Amino acid sequence: MAFPDHADFVIIGAGIHGLSTAWRLAERLAAAGEQVEGRVVVLDKTGIAAGASGVACARKSSTPASAAMAAAVSSSATSGATIQV
Ligand SMILES: Cc1cc2nc3c(=O)[nH]c(=O)nc-3n(C[C@H](O)[C@H](O)[C@H](O)COP(=O)(O)OP(=O)(O)OC[C@H]3O[C@@H](n4cnc5c(N)ncnc54)[C@H](O)[C@@H]3O)c2cc1C
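Parameters and conventions
Residues numbered from 1 in each chain as written. Predicted model: local features only at pLDDT ≥ 70, side-chain atom pairs only at ≥ 80, totals over all residues. Helix = DSSP H or I, 4+ residues; strand = E, 2+ residues; numbered from the N terminus. Buried ≥ 20, exposed ≤ 12 C-beta atoms within 10 Å, placed from the backbone. Expected span 1.5 Å × (residues − 1). Near = placed C-beta within 6 Å. Nonpolar A, V, L, I, M, F, W, Y, C, P; charged D, E, K, R; others polar. Core = buried A, V, L, I, M, F, W, Y, C linked by C-beta atoms within 7 Å. Contact = placed C-beta atoms within 7 Å. Pairing = 2+ DSSP bridges.

1. Some points on the overall build of the protein
Within the protein, the secondary structure is distributed over 2 helices and 2 strands. For the protein, with 85 residues in total, the buried portion stands at 8%.

Structure follows, in structure tokens:
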């Protein structure tokens with residue numbers, strides 16, 4: 001994929017948090033009827049899931065610290081591994 005000259009949204013880090021952010025952002029743009037393709041770029045100094053996300057054990061705690069954390073964990077867990085923006 002060619003490196004874009006412009007992006008409206010640049011997310012640094014292609015771990016679970018960066019990719020989840022890109023995924024949810026794309027969903028919201030699409031839901032608002034806005035163009036998605038080419039607007040969101042995820043940059044990583046190494047590669048996709050090169051950090052902790054690539055070695056995590058995929059354990060989901062049944063006792064999250066807060067409702068917000070529970071929602072974030074649930075959202076990330078259902079995002080899947082394939083990101084198309
Ligand atoms: C061994 C291990 C097991 C784990 N098991 C579990 C588990 O069972 N359940 C659980 O919920 N959590 C687990 N975790 C924790 C979980 O993996 C992390 O909390 C989560 O993956 C962090 O995601 P992240 O996107 O914030 O960071 P990361 O996955 O680390 O992603 C950060 C990305 O940013 C990139 N980056 C960093 N600096 C720059 C820069 N300057 N420019 C560009 N890119 C950059 C890195 O290359 C990397 O790809 C585990 C962690 C480890 C290490």
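2. Remarks on helix 1 (residues 16-31)
End to end, helix 1 covers 22 Å across 16 residues, agreeing with the expected 22 Å (1.5 Å per residue, within 8%). Within helix 1, the full set of buried residues consists of Ile16, Gly18, Leu19, Ala22 and Trp23. Gly33, located one to two residues past helix 1, shows a positive phi value of around 80°.

3. Let's talk about the site of the ligand
Taken together, 20 residues are adjacent to the ligand, and Gly13, Gly15, Gly51, Ala56 and Arg59 come closest. Along the lines of polarity and charge, the residues of the shell around the ligand split into 10 nonpolar, 7 polar and 3 charged.

4. A look at the nonpolar core
Counting residues in each nonpolar core, the largest one holds 6 residues, listed as Ala14, Ile16, Leu19, Ala22, Trp23 and Val42. Take this core: its biggest share by element is 4 residues, from helix 1. Here Ala14 is in contact with Leu19, Val42, Asp44, Ile48 and Ala49, once residues within four sequence places are set aside.

5. Description of the pairing of strand 2 (residues 40-43)
Note: strand 1 (residues 9-12) against strand 2, 4 bridges, orientation parallel. Across the sheet, Val10 pairs through a bridge with Val41, a residue of strand 2.

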